[in-house]
Amino acid sequence: MKDPVRIAITGGAGQISYSLIFRIAAGDMLGPDQPVILQLLEIPQAMDALNGVVMEVNDCAFPLVQEIVATDDPNVAFKDADFALLVGARPRGPGMERKDLLEANAAIFSVQGKALNDNASRNVRVLVVGNPANTNALIASCNAPDLSPRQFTAMTRLDHNRALTQLAQKTGKRVTDVEQMIIWGNHSATQYPDLAHTKVAGKPAFDLVERDWYENDFIPTVQQRGAAIIKARGASSAASAASSAIDHMRDWALGTDGVVSMAIPSDGSYGIAEGIIYSYPVRCQNGDYEIVQGLEIDEFSRGKMKATEDELREERAAVEHLLG
Ligand code: NDP
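Fair warning: this is a prediction, and the values are worked out from it, not measured in the lab. (Residues numbered from 1 in each chain as written. Predicted model: local features only at pLDDT ≥ 70, side-chain atom pairs only at ≥ 80, totals over all residues. Heavy atoms only, no water.)

Remarks on the nonpolar core
Nonpolar side chains tend to gather and get buried jointly when the protein is soluble and globular. Residues Ile7, Leu38 and Leu85 are the most contacted members of the largest nonpolar core, which totals 72 residues. Counting residues per element, this core draws most heavily on helix α9 (residues 239-254), at seven residues. With near-sequence residues (within four places) excluded, Ile7 lies in contact with Ile24, Met29, Leu30, Val36, Ile37, Leu38, Gln39, Phe83 and Leu85. Grouped together as the second largest cluster of nonpolar side chains are 28 residues, Leu86, Ala106, Leu116 and Ile139 included. (Core = buried A, V, L, I, M, F, W, Y, C linked by side-chain atoms within 4.5 Å. Buried < 20%, exposed > 50% of the residue type's maximum accessible area, 1.4 Å probe, protein only. Helix = DSSP H or I, 4+ residues; strand = E, 2+ residues; numbered from the N terminus. Contact = heavy atoms within 4.5 Å.)

As for unusual backbone geometry
For the bond running from Asn131 to Pro132, omega is -5 degrees, close enough to zero to count as cis. When you line up the elements, Pro132 lands in the loop between β5 (125-128) and α5 (133-142). A positive phi is found at Gln180, a non-glycine position, where the angle reads about 60 degrees. Locating Gln180 in the fold gives a position in the loop between β7 (178-179) and β8 (182-184). A positive phi angle is found at Ala201, which is not glycine, with a value near 45 degrees. Tracing the backbone shows Ala201 in the loop between β10 (199-200) and β11 (203-204).

Observations concerning the side chain of Thr153
For Thr153, the position within the fold is in strand β6 (residues 152-154). Among all residues touching Thr153, those that are not within four sequence positions of it are Val126, Leu127, Val128, Ala137, His248, Trp252, Met262, Ala263, Ile264 and Tyr289.

Notes on the site of the ligand
Looking at the ligand, there are 24 residues lining it, with Gln15, Ile16, Glu42, Leu158 and Ser237 nearest. Here an oxygen atom of the ligand sits 2.9 Å away from a polar atom, N or O, in the main chain of Ile16. Glu42 has a polar side-chain atom sitting 2.6 Å from an oxygen atom of the ligand. When the ligand sits alone it has 910 Å² of accessible area, and the protein chains cover 78% of it. Among the secondary structure elements, those contributing two or more residues to the shell around the ligand are α1 (15-25), α4 (98-119) and α6 (157-171). (Near = heavy atom within 4 Å. Polar contact = N/O pair within 3.5 Å; in protein donor to acceptor, adjacent residues only side chain to side chain. Areas by Shrake-Rupley, 256 points an atom, 1.4 Å probe, with all protein chains shown as cover.)

Digging into the sheet that holds β11
Across the sheet, three strands lie side by side as β7-β10-β11; this open sheet has antiparallel pairing. Each of the sheet's edge strands pairs with one partner strand only, and the pair in question is β7 and β11. As paired elements, β10 and β11 share two bridges and run antiparallel to each other. Considered in β11, the bridge of Lys199 is made with Pro204. (Pairing = 2+ DSSP bridges.)

Re the packing of α1 against helix α2 (residues 47-60)
Put simply, α1 and α2 touch, their axes get as near as 11 Å, and they point 30 degrees apart. The angle between α1 and α2 places the two elements in the roughly parallel class. Crossing geometry of α1 relative to α2 is assigned as right-handed. Where α1 abuts α2, its residues Tyr18, Ile21 and Phe22 lie against Val53, Glu56, Val57 and Cys60. Counted by class, the contact of α1 with α2 contains six nonpolar, no polar and one charged residues. (Axes fitted to C-alpha atoms, helices over the stretch in contact; angles between N-to-C directions. Parallel < 35°, antiparallel > 145°, perpendicular 65-115°, else oblique. Left-handed = near helix turned anticlockwise from the far one by under 90°. Nonpolar A, V, L, I, M, F, W, Y, C, P; charged D, E, K, R; others polar.)

Focus on the UniProt feature "binding site: substrate" (unreviewed entry) in the protein chain
Following the UniProt record, the feature "binding site: substrate" (unreviewed entry) maps to Arg92, Arg98, Asn131 and Arg162 here. With the annotated positions falling across 71 residues, the maximum pairwise C-alpha distance of 25.1 Å shows that they are not confined to a single cluster. With respect to the element layout, Arg98 can be found in helix α4. Filtering out sequence-adjacent residues up to four positions away, Arg98 remains in contact with Arg92, Glu311, Glu314 and Glu315. As for its placement among the helices and strands, Arg162 is situated in helix α6. For Arg162, a relative accessible area of 10% corresponds to the buried category. Contact partners of Arg162, with chain neighbours within four places excluded, come to Arg225, Gly226, Ile229 and Ser237. (UniProt positions renumbered as here; feature names shortened; annotations may be inferred.)

Laid out in structure tokens, this is it:
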């Protein structure tokens, strides 16, 4: 048996975690031969609920779960963590402006960044799910000077997966037939799901779908999918968000042949400003990710990529004073 890895999950009593924790415990993230120690963080008011989750995980008798830690102290939750999934975040309250939301979360993610810096494994891989995810990841990273910024990522994999299914269903193919899907930018309604480089069963997507469908149906459907789920289900997407978080971490850690979307620190590729966490097409190998380079960007795409970049730069400006 392998040595166990430590997986920290914040917001452990929330909706997403209620799916995420059980799937990780079952081996869906790191494989059926990888034992795990779960280190779950909550705010003090949610500790009773978190203890209920721990009771249920125990009741599953998962063979891979070696230990479960439940705590309201980030220094305990992140101790020696190999993976950190930052799910907990402050939801938008009544009358709250976007700037207030950014600030409320900035306070949470600066504390967590420091705690990761001081306690986590030096190779920790961090995925931020809690919104505004890209900017929360930036804040955590800026507060963790001893870790590489490349260790901090945010989730656009759910947007990527949503886009795969929309295109597969439209073309009557399977999601496994779709290659080179790309989500650029922010995990928000400005994200740009780009089909210019996408192929379906070896054929360019643009040979198979109308431009009108792409611009006026596909793009807004992917951008607005979260709201559509809230309308239909009466609650936000939780199981699909958890599933995509698992996809993100599994591919990052274990590698993947295909192109996937990850929000990562911009290195200036494709003319995007450095200093923001921007979703790029990446390939994952040997436990690391690399941006897919050399794609030709037309004027339509350039405009969409710029709009989502501008939003991230504005978010950054709103929390600049908390960037450490
Ligand atoms: P969820 O588990 O449903 O969601 C958690 C976060 O994930 C939210 O910020 C949510 O954003 C975000 N998210 C990102 N992508 C998606 C997606 N595709 N679909 C849905 N959500 C997405 O929230 P709950 O309120 O059920 O649970 C949050 C938990 O976090 C609570 O138990 C709370 O106590 C805890 N918490 C813990 C903290 C900590 O550990 N220190 C700090 C703050 C909160 P959005 O709101 O935009 O949907």
